[in-house]
Amino acid sequence: MRVDGSLADGGNGDNGSSGQEISAAWSRVKRRLRAELGEDVFASWFARLELEEVAGGTARLTVPTRFLKSWIESHYLDRVLNTFRSEAEVVQRIEVSVRGPAAPARPVAPGAGKPNPTSGPLARLHAAGAPAPVPAPAPEPESAVRGEPADLNGAPLDVRLTFASFVVGRSNALAHAAAERVARHDGEGALYNPLYFHAGVGLGKTHLLHGIGHAARDAGRRVIYLTADRFMYGFVNALKTQNALAFKERLRAIDLLILDDVQFIQGKSIQAEFGHTINALIDAGRQVVVASDRPPTELEALDERVRSRLAGGLVVEIGSLDEQLRTSILAARLAAVRASHPNFEVSPTVAAYVAKAITANGRDLEGAVNRLLAHATLTGTAVTLETAETAIRDLVKNREPKRIKIEDIQKLVASRYNVSRSDILSERRTAAVVKPRQIAMYLSKVLTLRSLPEIGRRFGGRDHTTVLHAVRKIEKQIGEDAVLGDEVELLKRMLQD
Ligand code: ADP
Ligand code: MG
């Protein structure tokens, strides 16, 4: 790792951080990512992320493959930046680049990481008549390296990603039904071929693909699951060892080919080969299942014929997760974690908050669970709404603060406590009405800019001292009663939403 010359020399740079401090900060960043994202995610994407230098506020990070680079950039850039910045203020930006195989941690010169196609095994191939230069024989992503040699065994299926653990909701019901049918089909030929899923990040594509893989394997079918990276790697490797024919033969001797993240397939000859493979399999009646972040028509890198072939089966989009689906996925996740951490308790209030706050995708839900767990195990304390909010803050989309109306507060609080809004405005003094009334007054004070007299007027013409009394009383009770505290927090969130 290098830091700006002046800093590495111990000189007094504008930011005052030494190389050692940056190194230490980077180690903490990695530790935090590991704790927050979980071992698997960390091993897959971050284990080989290295800090090369920090210069002019930019932290230059390197990874061994383009795939990792684009993955980290599209999924984790903000997270890495925020984490790094919170550990080392000098870091204002991050850049991820691909490091060359022989130069693990050298400064990146322009063009580094793009091996020259006129030398090396690829050039030999090219000279021998391969259609066009192919990308670097990208080293495998970490997840694929583990366990298996780099050939066509396919990437291992994650035992947790099964149909059984897949929660079905409105947005994924069609995709799920198609996946089940394809996986359980045991007649001649293939059903919808190819079956093509597309959806944004974290909406369950990979989960469904693994589910298909497990089910089909259990039924005795020959299945290969490949990520785009693995497909490219396997193919480039086969070319290198003059095994391309065997590679293709093997691919074609299977019943079901599952290809994940095909938008990452790059390089002219690999794309051509990808097209041939798909065609050959489909023509031979083998099932092909593909997932991508976009519909086939938008896979610009691919040849028009390949695109239309991909579009020629059943194309299913998985929609975003609605709140109900998020709640169910979260409940399932929490239950799964509790199996190994029996003391890990997350109250329904906190779970409801997380499912409401995290709208983006299933991966963030998983991240949230990991953070809550990390928090609970590190501090040994129960997860409150407050700590949950801090733990998942950066996963929650920044929203414009909303102007909240007193009337909305009254309506929400009334419905929450099963009274009517006119009860709240009335003179009635039964406990069932007094408490929600006081909570509503308190919320009006903390969530709006209205004065006490104004709030009093809006609560059936009450005196401002009555409002003040209510505000003080609820403040005090929140401090003493954690359940009430969570309840009021939840109301706040619902109003701010
Ligand atoms: P994608 O491949 O579309 O980016 P993943 O399949 O990797 O998304 O899903 C991200 C995370 O969300 C995974 O942990 C996955 O198990 C979970 N997830 C997504 N959708 C569901 C679902 N319907 N049921 C259960 N878990 C889900
Ligand atoms: Mg995926």
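Residues numbered from 1 in each chain as written. Chains lettered and ligands numbered in written order. Predicted model: local features only at pLDDT ≥ 70, side-chain atom pairs only at ≥ 80, totals over all residues. Heavy atoms only, no water.

- As annotated in an unreviewed UniProt entry, the protein chain carries the name Chromosomal replication initiator protein DnaA and comes from Methylobacterium oxalidis.
- As its UniProt record puts it under Subcellular location (unreviewed entry), the protein chain is described as follows: "Cytoplasm".
- In UniProt, the protein chain has this text filed under Sequence similarities (unreviewed entry): "Belongs to the DnaA family." (UniProt positions renumbered as here; feature names shortened; annotations may be inferred.)

Structural notes on the sheet that holds strand E8 (residues 287-292)
Line of reasoning, step 1. Pairing is parallel across the open sheet formed by five strands, whose spatial order is E6-E7-E8-E5-E9. The sheet is open, and its two borders are formed by strand E6 (223-227) and strand E9 (314-317), each paired with just one other strand. When strand polarity is set aside, the average angle formed by the axes of neighbouring strands in this sheet is 15°.
Line of reasoning, step 2. Where E6 meets strand E7 (residues 256-260), five bridges bridge the pair, whose relative direction is parallel. Paired with Tyr 225 across the bridge in E7 is Ile 258. (Pairing = 2+ DSSP bridges. Helix = DSSP H or I, 4+ residues; strand = E, 2+ residues; numbered from the N terminus. Axes fitted to C-alpha atoms, helices over the stretch in contact; angles between N-to-C directions.)

Things to note about the side chain of Asp 364
Line of reasoning, step 1. You can see Asp 364 is positioned in helix H16 (residues 362-379).
Line of reasoning, step 2. Buried and unpaired, Asp 364 has no salt bridge, with Arg 79 as the nearest side chain of opposite charge at 4.6 Å. (Buried < 20%, exposed > 50% of the residue type's maximum accessible area, 1.4 Å probe, protein only. Lys, Arg positive; Asp, Glu negative; His and termini not counted. Salt bridge = Lys/Arg side-chain N within 4 Å of Asp/Glu carboxyl O.)

Considering the site of ligand 1
Line of reasoning, step 1. Surveying the vicinity of ligand 1 reveals 18 residues, the closest of which are Val 167, Gly 202, His 207, Arg 363 and Glu 366.
Line of reasoning, step 2. Lys 205 has a polar side-chain atom sitting 2.8 Å from an oxygen atom of ligand 1.
Line of reasoning, step 3. Contact with the protein chains removes 94% of the 550 Å² of surface that ligand 1 exposes when unbound.
Line of reasoning, step 4. Among the secondary structure elements, those contributing two or more residues to the shell around ligand 1 are helix H9 (205-218), helix H14 (323-340) and H16.
Line of reasoning, step 5. Considered class by class, the residues forming the shell around ligand 1 number six nonpolar, eight polar and four charged.
Line of reasoning, step 6. Per-domain counts for the shell around ligand 1 show at least three residues from each of domain 2 (173-317) and domain 3 (323-397). (Near = heavy atom within 4 Å. Polar contact = N/O pair within 3.5 Å; in protein donor to acceptor, adjacent residues only side chain to side chain. Areas by Shrake-Rupley, 256 points an atom, 1.4 Å probe, with all protein chains shown as cover. Nonpolar A, V, L, I, M, F, W, Y, C, P; charged D, E, K, R; others polar. Domains from an automatic or database assignment.)

Regarding the packing of aromatic side chains
Line of reasoning, step 1. On inspection of all chains with the given rule, the structure shows three aromatic pairs.
Line of reasoning, step 2. Their ring planes at 40° and their centres at 5.3 Å tell us that Trp 26 and Phe 84 sit as a pair that is tilted. Residue Trp 26 is found in helix H2 (residues 19-37), and its partner Phe 84 is found in helix H5 (residues 77-87); the two are separated by 58 residues along the sequence. Taken individually, Trp 26 and Phe 84 each receive the classification buried, so the pair is uniform in this respect.
Line of reasoning, step 3. Ring centres 5.7 Å apart and planes at 85° place the aromatic pair Phe 231 and Phe 274 in the edge-to-face group. Of this pair, Phe 231 sits in helix H10 (residues 228-240) while Phe 274 is found in helix H12 (residues 268-283), placing the two residues 43 residues apart along the sequence.
Line of reasoning, step 4. For Phe 231, a relative accessible area of 0% corresponds to the buried category.
Line of reasoning, step 5. Judged by its relative accessible area of 0%, Phe 274 is buried. (Phe/Tyr/Trp six-rings, centres within 6.5 Å; stacked < 30°, edge-to-face > 60°.)

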